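Residue-level structure breakdown
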Amino acid sequence: MQAQPTLTPERFNSIQKDVVKYIRKKLAAMEMDVTYIELHNSSFDKTLRVYATLARTTNLKALYLAERMVCKEVKDEFGLAPNAIYWRYFPAGDPAPTIAA
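Read on for an overview of the structure. Owing to the predicted nature of the structure, the values given are computational and were not obtained by experimental measurement.

**What about the nonpolar core?**
Ranked by internal contacts, the top residues of the largest apolar core, which has 25 residues, are V19, I23, L39, V74 and L80. Going through the elements one at a time, helix 1 (9-29), strand 1 (33-42), strand 2 (47-56) and helix 2 (60-78) are the ones with two or more residues in this core.

**Observations regarding helix 2**
The first and last C-alpha atoms of helix 2 sit 26 Å apart over 19 residues, in line with the 27 Å expected at 1.5 Å per residue. Along helix 2, the residues that are buried comprise A62, L63, A66, E67, V70, C71, V74 and F78. Buried residues along helix 2 cover an arc of 155 degrees about the axis, so they all sit on one side. Opposite the buried face of helix 2, at more than 90 degrees from it, the exposed residues are K61, Y64, K72, K75 and D76. Buried residues along helix 2 sit against helix 1, strand 2 and strand 3 (84-89). Near the N-terminus of helix 2, the side chain that reaches the backbone nitrogen of K61, with its oxygen 3.0 Å away, is that of N59.

**Let's talk about helix 1**
Here helix 1 contains 21 residues, and its C-alpha end-to-end distance of 29 Å stays within 8% of the 30 Å for a straight helix at 1.5 Å per residue. Among all positions of helix 1, only F12, I15, V19, V20, Y22, I23 and L27 are buried. Each element contacted by the buried residues of helix 1 is listed here: strand 1, strand 2, helix 2 and strand 3. One or two positions beyond helix 1, positive phi appears at E31, with a value near 60 degrees.

Conventions and cut-offs
- Note on numbering: residues in each chain are counted from 1, in written sequence order.
- Given that the model is predicted, a residue must reach a pLDDT of at least 70 before its local features are reported, and side-chain atom pairs must reach 80 or more before they are shown or counted; all residues, however, enter totals for whole chains, interfaces and linings.
- In computing side-chain properties, one takes all heavy atoms of the structure into account and sets aside hydrogens as well as water.
- We call a set of buried residues a nonpolar core when its members are Ala, Val, Leu, Ile, Met, Phe, Trp, Tyr or Cys and they connect through side-chain atoms within 4.5 Å of each other.
- Relative accessibility under 20% of the residue-type maximum defines a buried residue, over 50% an exposed one, and the middle range a partly exposed one, all with a 1.4 Å probe and only protein chains included.
- Going along the chain from the N terminus, every DSSP run of H or I of four or more residues is numbered as a helix, and every run of E of two or more is numbered as a strand.
- Every helix has an expected span of 1.5 Å times one less than the residues it contains.
- The arc in question is the one traced by the directions running from the helix axis out to the C-beta atoms.
- Here, residues are in contact when the closest pair of their heavy atoms is within 4.5 Å.
- Between N or O atoms, a polar contact is any pair within 3.5 Å; within protein, one atom must be a potential hydrogen donor and the other a potential acceptor, and residues adjacent in sequence are included only when both atoms are from side chains.

See below:
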């Protein structure tokens, strides 16, 4: 297995919006209502993680398939390999919890 090169903060900042837009579009095509996406580039453990908040999805199997497909396509399109997608689910009408700063 080939080690993934470190993603520099400069490159991460320059492509972050494009990657988020790409992921949001792919998930919407899979009939998932995405309310929020955040990318996290960790220089400590050299991982790229995706945090996605959904208002609607079909089932858990769809999340698994979406994660596999999106990770592969992001790697093909941008040369990045997300380590995982962390899913949050807030059904429509339920307020998302607020995080105190």
